[in-house]
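This is what each chain is made of:
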Amino acid sequence: MYHYVRNIRQSRYPDIKGLELKDFIEQIEYLKKHYNFVTIEQINSSYDDGEPLPEKALLLTFDDGYAEHFNFVYPILKKHNIQGCFYPPAKVITENVLLDVNKIHFILASTKNHDALIIEIARLLSIYKSEYKLDDFDYYYNKLAVTGRFDTAQVIFIKRLLQHELDEKLRNIIADELFKKYIEIDENVFCQELYMNEQQIEHLIRDGMHVGSHGYNHNWWDKLSVSDLEKEIDLSLDFLQHV
């Protein structure tokens with residue numbers, strides 16, 4: 001399962017957490033020697049009809065619909081005759097909007113001073129405290145700031161606060177404010193650079209790649225109400241029926 005695959009060190013955001021393109025190429029060459037790549041059709045046949053899979057079966061998936069998947073990943077897969085499975089959040093394709101999760105990634109990658117970033121978040125929380133009936137900043141920090149396997153406690157706090165802890169409307173407001181402060185690039189332009197477009201999606205499908213949906217809004221489904229989850233699934237299915 002892959003996300004960012006790019007020439008990271010030579011990019012505008014060398015601190016983004018992803019996989020260097022040269023390392024991806026090396027991984028594909030290694031996997032090709034030691035595993036048997038399978039297609040989504042083989043997976044479905046195995047699940048639905050009990051068709052056996054080869055030993056060490058391997059399926060490659062690429063989440064979030066990034067343009068680098070079309071520009072860099074797809075040609076490499078094509079060269080090796082491997083099917084990739086691409087799962088974009090439908091909203092980035094149909095509405096051309098930047099997801100909050102990506103705003104958070106690039107905000108974090110745009111500054112090494114995470115202390116200052118947290119101070120700015122605390123300032124914004126104080127502004128909206130009464131309107132959104134928020135607790136004190138320390139409550140959120142003590143609850144969410146836990147050191148993870150790949151991230152510091154500060155980074156975990158920022159991600160959890162802005163991905164699911166706060167009210168969705170407030171999360172959007174704060175993410176927008178931070179994006180404007182730290183990125184200083186028009187959001188629409190940034191979006192067009194980051195994600196694939198409909199024509200690229202259609203090209204992948206025509207050439208034998210698999211395209212599914214990574215949800216519609218890229219929400220955490222276990223955090224949604226039943227009605228919101230139903231909407232999310234319906235929108236995702238509608239996207240798949242039209243690509």
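Everything quoted here is computed from the prediction, not taken from an experiment.

Conventions we followed
- Residue numbers restart at each chain and count upward from 1, following the sequence in its written direction.
- For a predicted model such as this one, the threshold for reporting local features is a pLDDT of at least 70, and the threshold for listing and counting side-chain atom pairs is 80 or more; totals across whole chains, interfaces and linings nevertheless cover every residue.
- Hydrogen atoms and water are omitted, and side-chain values are computed over all heavy atoms in the structure.
- Each helix is a run of DSSP H or I of at least 4 residues and each strand a run of E of at least 2, with the numbering of both proceeding from the N terminus.
- Throughout, radius of gyration means the C-alpha value; the globule benchmark is 2.2 Å times the number of residues raised to the power 0.38.
- Whether a residue is buried, partly exposed or exposed follows from its accessible area with a 1.4 Å probe, protein chains only, as a fraction of its type maximum: under 20%, in between, or over 50%, in that order.
- Definitions used throughout: a 1 Å grid over protein atoms alone; a cavity as a set of points that fits a 1.4 Å probe which cannot get out; a pocket as an open set with protein on both sides within 12 Å along at least five of seven lines; a lining residue as one with an atom within 4 Å of a point.
- Grid points are joined across faces, edges and corners, and a volume is the space filled by probe spheres set on the points.
- Polarity classes work like this: nonpolar for Ala, Val, Leu, Ile, Met, Phe, Trp, Tyr, Cys and Pro, charged for Asp, Glu, Lys and Arg, and polar for all others, with Gly in that last group.
- In this description, contact between two residues means that some pair of their heavy atoms is separated by no more than 4.5 Å.

Student: Teacher, can you tell me more about the overall build of the chain here?
Tutor: Per the secondary structure count, the chain includes twelve helices and seven strands. For 243 residues, the compact-globule formula gives about 18 Å, and the C-alpha radius of gyration of the chain, at 20 Å, lands near that figure. Principal-axis analysis of the C-alpha atoms gives the chain an extent of 55 × 45 × 35 Å. Burial statistics for the chain: of 243 residues in total, 43% are counted as buried.

Student: Which parts of the structure should I look at to understand the layout of surface pockets?
Tutor: Rolled over the atoms, a probe sized like a water molecule indicates the empty space that remains. Computed from the structure, the largest pocket encloses a volume of approximately 900 Å³. Taken together, 31 residues make up the lining of the largest pocket; nearest its centre are Tyr4, Lys17, His105, Asp151 and Lys159. Counting residues per element, the ones that place at least two in the lining of the largest pocket are α5 (100–109) and α8 (153–165). If one sorts the elements of the lining of the largest pocket by residue count, α8 sits on top with five residues. Along the lines of polarity and charge, the residues of the lining of the largest pocket split into 13 nonpolar, nine polar and nine charged. One number sums up the size of the second largest pocket: a volume of about 650 Å³. Partitioning the lining of the second largest pocket into residue classes produces nine nonpolar, seven polar and eleven charged.

Student: How should the environment of Leu98 be read in this particular structure?
Tutor: With respect to the element layout, Leu98 can be found in the loop between α4 (90–94) and α5. Judged by its relative accessible area of 5%, Leu98 is buried. Separated by 97 residues in the primary sequence, Leu98 and Tyr195 place their C-alpha atoms 8.7 Å from one another. Here Leu98 is in contact with Lys103, Phe179, Glu187, Phe190, Cys191, Leu194 and Tyr195, once residues within four sequence places are set aside.

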